[in-house]
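# Coordinates in review
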Amino acid sequence: MQSHFSNQENLNKSFKAANRFISYRPRSELEIREKLLTKFPSSLVQKTIDLLKSQNKINDSLFAKFWVDKYTNSSYRSSSFIKTELIKKGLDPDIINGAIEEIDDEHLAFLSARKAIKNFLPDNYQSFTNKILNTLNYRGFDYSLSCKIAEELWREKPETIA
């Protein structure tokens, strides 16, 4: 009896730890597994993961959607940047590809560049282009798209840029 009680008690501890970890933001299964494995044995971690899945607290498809929304609605990251992040989070390639398939990199690059130059007064083409290229490169956009966006924004009137 004592052994069963301690197993159930440990499962409760593991479950509480996992719930605490996912209370801050959604997590991938791999993130939760790695976190729990630092404190609990693998058999207990697997039981906890199964329990969380049964309660729909772990869902990598929903997590991928959350991650895409996070990076396309505010910080404007490229699909390749997001894909790399999701790979690091341990998501299945099919889930990743489904999550990023509708990302419009050109639109996001344009929004990101506009945001970056909002308080930047372009005095010459070179400094303006460098600002855009550095910003978009940092966010994972490819060079050719970044050059295209920089050229389009440079041709706009300065009062429409800011």
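Let me begin by describing the structure that accompanies this report. (Residues numbered from 1 in each chain as written. Predicted model: local features only at pLDDT ≥ 70, side-chain atom pairs only at ≥ 80, totals over all residues. Heavy atoms only, no water.)

In this section: the overall build of the protein chain. What the protein chain contains, in helices and strands, is ten helices and zero strands. Traced from its N-terminal end to its C-terminal end, the protein chain shows the element sequence α-α-α-α-α-α-α-α-α-α. Here the C-alpha atoms of the protein chain give a radius of gyration of 22 Å, more than 25% beyond the 15 Å that 2.2 N^0.38 yields for 162 residues. Its C-alpha atoms put the protein chain at 80 × 30 × 20 Å along the principal axes. (Helix = DSSP H or I, 4+ residues; strand = E, 2+ residues; numbered from the N terminus. Rg over C-alpha atoms; globule rule 2.2 N^0.38 Å.)

On to helix 3 (residues 42–54), then. For helix 3, spanning 13 residues, the distance from its first C-alpha to its last is 18 Å, which sits close to the expected 18 Å at 1.5 Å a residue. Of all the positions in helix 3, only Leu44, Val45, Thr48, Ile49 and Leu52 are classed as buried. The arc that holds every buried residue of helix 3, seen down its axis, measures 140°, which confines them to one face. Every exposed residue of helix 3 that faces more than 90 degrees away from the buried side is listed here: Ser43, Lys47 and Ser54. (Expected span 1.5 Å × (residues − 1). Buried < 20%, exposed > 50% of the residue type's maximum accessible area, 1.4 Å probe, protein only. Arc of directions from axis to C-beta.)

So, on to the packing of helix 4 (residues 60–73) against helix 6 (residues 93–100). In contact at an axis separation of 9 Å, helix 4 and helix 6 are set at 40° when each is read in the N-to-C sense. For the element pair helix 4 / helix 6, the angle class is oblique. Judged by the twist between their axes, the crossing of helix 4 over helix 6 is right-handed. In this structure, helix 4 uses Asp60, Ser61, Ala64 and Val68 to contact helix 6, whose residues at the interface are Ile95, Ala99 and Ile100. A breakdown of the residues in the contact of helix 4 with helix 6 according to their chemical character gives five nonpolar, one polar and one charged. (Axes fitted to C-alpha atoms, helices over the stretch in contact; angles between N-to-C directions. Parallel < 35°, antiparallel > 145°, perpendicular 65-115°, else oblique. Left-handed = near helix turned anticlockwise from the far one by under 90°. Contact = heavy atoms within 4.5 Å. Nonpolar A, V, L, I, M, F, W, Y, C, P; charged D, E, K, R; others polar.)

This part is about the nonpolar core. With 24 residues, the main nonpolar core has Ile82, Leu86, Ile100, Ile132, Leu136, Ile149 and Leu153 as its most contacted residues. Those elements that place two or more of their residues in this core are helix 4, helix 5 (79–88), helix 6, helix 7 (105–116), helix 8 (125–138) and helix 9 (143–155). Per element, the largest residue contribution to this core is five residues, and it comes from helix 4. Look past the residues within four positions of isoleucine 132 in its chain and what remains in contact with it is Ala113, Ile117, Ser146, Ala150 and Leu153. (Core = buried A, V, L, I, M, F, W, Y, C linked by side-chain atoms within 4.5 Å.)

Now for a positive patch on the surface. Positive charge collects at one region of the surface, where Lys16, Arg20, Lys35 and Lys39 lie side by side. Looking at the element boundaries, arginine 20 is found in helix 1 (residues 2–23). (Patch = residues over 30% accessible without salt bridge, like charges linked within 9 Å, V, L, I, M, F, W, Y side chains within 5 Å. Areas by Shrake-Rupley, 256 points an atom, 1.4 Å probe, with all protein chains shown as cover. Salt bridge = Lys/Arg side-chain N within 4 Å of Asp/Glu carboxyl O. Lys, Arg positive; Asp, Glu negative; His and termini not counted. Charge placed at Lys NZ, Arg CZ, Asp CG, Glu CD.)

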